[in-house]
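Coordinates in review
Below, each chain spelled out in residue letters.
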Amino acid sequence: MGQDNGTSQPNEPSFWRDPRFYQIASLSTLLLYGLLVLHFDISIWQIAITISTAQLMQYAGTRYFHLPCFDPKSALISSLSLCLLLRTNDCAVAALAAGITIGSKFVIRWKDKHIFNPTNLALVVVLASGLGWISP
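What comes next is a walk through the structure. (Residues numbered from 1 in each chain as written. Predicted model: local features only at pLDDT ≥ 70, side-chain atom pairs only at ≥ 80, totals over all residues. Heavy atoms only, no water.)

1. Some words on the overall build of the chain
Under the convention used in this document: Counting from the N terminus, the helices are DSSP H or I runs at least four residues long and the strands are E runs at least two residues long. Only protein chains enter the accessibility calculation, which uses a 1.4 Å probe; a residue is then buried when its area is under 20% of its type maximum, exposed when over 50%, and partly exposed in between. Residue contacts follow a heavy-atom distance rule, with two residues in contact if any of their heavy atoms lie within 4.5 Å. All accessible areas in this document rest on Shrake-Rupley with a 1.4 Å probe, and a residue is counted as covered only by the protein chains that are shown.
Helix and strand counts for the chain stand at five helices and four strands. Going residue by residue from the N terminus, the α and β elements of the chain occur as α-α-α-β-α-β-β-α-β. Going through the 136 residues of the chain one by one, you find that 35% of them count as buried. Once local pairs closer than 6 in sequence are excluded, the contacts in the chain between residues at least 24 apart make up 67%. As presented, the chain carries roughly 8900 Å² of accessible surface, and 65% of it is formed by carbon and sulfur atoms.

Next comes the structure, spelled out in structure tokens:
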């Protein structure tokens, strides 16, 4: 009695044990810094469309493939990365990139894991098609 046999749980809530929250905070901070200090040439509309499209695709994929629950964190990370890296003058291209990013996570799989980094795959497709460019 009173001995720790390695089965006790830490007092830290599970929320802070998920590294994706730190990644979301880092990417959000970088995007805000880029917008406010570095004056990134990306509109608020493009950011909203990119994030919204990614979340809608994540939700649709969750429903279509009968996954147990909707988890927005991965889609948010991918869409924030797109906001930081992709530059285009057309919000439809930003939506397309977000759709490719999240859609590829559900479609292009091997042994229940996505093969490519989904954001990088979408960037390559959009850049190879001439629809966008990567911010310097």
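2. Details of the packing of helix α2 (residues 44-64) against helix α4 (residues 91-107)
Using the following cut-off: Helix axes use the C-alpha atoms of the stretch in contact, all axes being lines fitted to C-alpha atoms, and the angles between their N-to-C directions lie in the range 0 to 180 degrees. Should an angle lie under 35 degrees it is considered roughly parallel, over 145 roughly antiparallel, and from 65 to 115 roughly perpendicular; all remaining angles are considered oblique. In this scheme the handedness of a crossing depends on how the near helix is turned from the far one: anticlockwise by less than a right angle means left-handed, clockwise means right-handed. As a working rule, the residues Ala, Val, Leu, Ile, Met, Phe, Trp, Tyr, Cys and Pro are called nonpolar, Asp, Glu, Lys and Arg charged, and the rest polar, with Gly in that last group.
Axis separation between α2 and α4 bottoms out at 8 Å; the angle between their running directions is 30°. Our classification of the angle between α2 and α4 gives roughly parallel. The crossing of α2 and α4 is right-handed. Counted together, Trp45, Gln46, Ile49, Thr50, Thr53, Ala54, Met57, Gln58, Gly61 and Thr62 of α2 and Cys91, Ala94, Ala95, Ala98, Gly99, Ile102, Gly103, Lys105 and Phe106 of α4 form the full contact between these two elements. Each residue belonging to the contact of α2 with α4 can be placed in one class, and the counts come to 10 nonpolar, eight polar and one charged.

3. Description of the packing of aromatic side chains
To keep it simple, the criterion reads: Stacked, tilted and edge-to-face pairs are distinguished by plane angle, under 30 degrees for stacked and over 60 for edge-to-face with tilted covering the rest, among Phe, Tyr and Trp rings (Trp via its six-membered ring) whose centres lie within 6.5 Å. Whether a charge sits over a ring comes down to the Lys NZ or Arg CZ being within 6 Å of the ring centre and within 35 degrees of the ring normal.
Within the structure shown, the criterion is met by three aromatic pairs. Judged by centre distance (5.7 Å) and plane angle (75°), the rings of Tyr59 and Phe70 are edge-to-face. One end of the pair, Tyr59, is in helix α2; the other, Phe70, is in the loop between α2 and α3 (73-85), and 11 residues separate them in sequence. A residue is classified by how much of its surface remains accessible, and Tyr59, at 43% relative accessible area, is partly exposed. Between the aromatic rings of Tyr64 and Phe65, the centroid separation amounts to 5.0 Å while the plane-to-plane angle is 85°, which identifies the pairing as edge-to-face. The exposure class assigned to Tyr64 is exposed, which follows from its relative accessible area of 62%. These aromatic residues form a ring-pair network of at least three members: Tyr64, Phe65 and Phe106. We note Arg87 situated over the ring of Phe40; from NZ or CZ to the ring centre the distance is 5.0 Å.

4. Focus: the side chain of Thr62
Rules: What qualifies as a polar contact is a pair of N or O atoms within 3.5 Å, subject to a donor-acceptor requirement within protein and to the restriction that residues adjacent in sequence count only when both atoms come from side chains.
Inspection of the secondary structure assignment puts Thr62 in helix α2. Here Thr62 falls in the buried class, since its relative accessible area comes to 5%. For Thr62, the side chain forms a polar contact with the main-chain oxygen of Gln58, separated by 2.7 Å. Beyond its immediate sequence surroundings of up to four residues, Thr62 is in contact with Leu67, Cys69, Phe70 and Phe106.

5. Comments concerning the pattern of salt bridges
To be explicit about the condition: Salt bridge, as applied in this entry: a Lys or Arg side-chain nitrogen positioned within 4 Å of an Asp or Glu carboxyl oxygen.
Applying the stated rule across the entire model yields five salt bridges. The salt bridge involving Asp71 is made with Arg20; its shortest N-O contact spans 2.9 Å. Of the two residues, Asp71 is situated in the loop between α2 and α3 and Arg20 in helix α1 (residues 19-36); the sequence distance between them amounts to 51 residues. Assessed through its relative accessible area of 26%, Arg20 is described here as partly exposed. Each of Asp18, Arg20, Asp71 and Lys73 takes part in one network of salt bridges that share partners.

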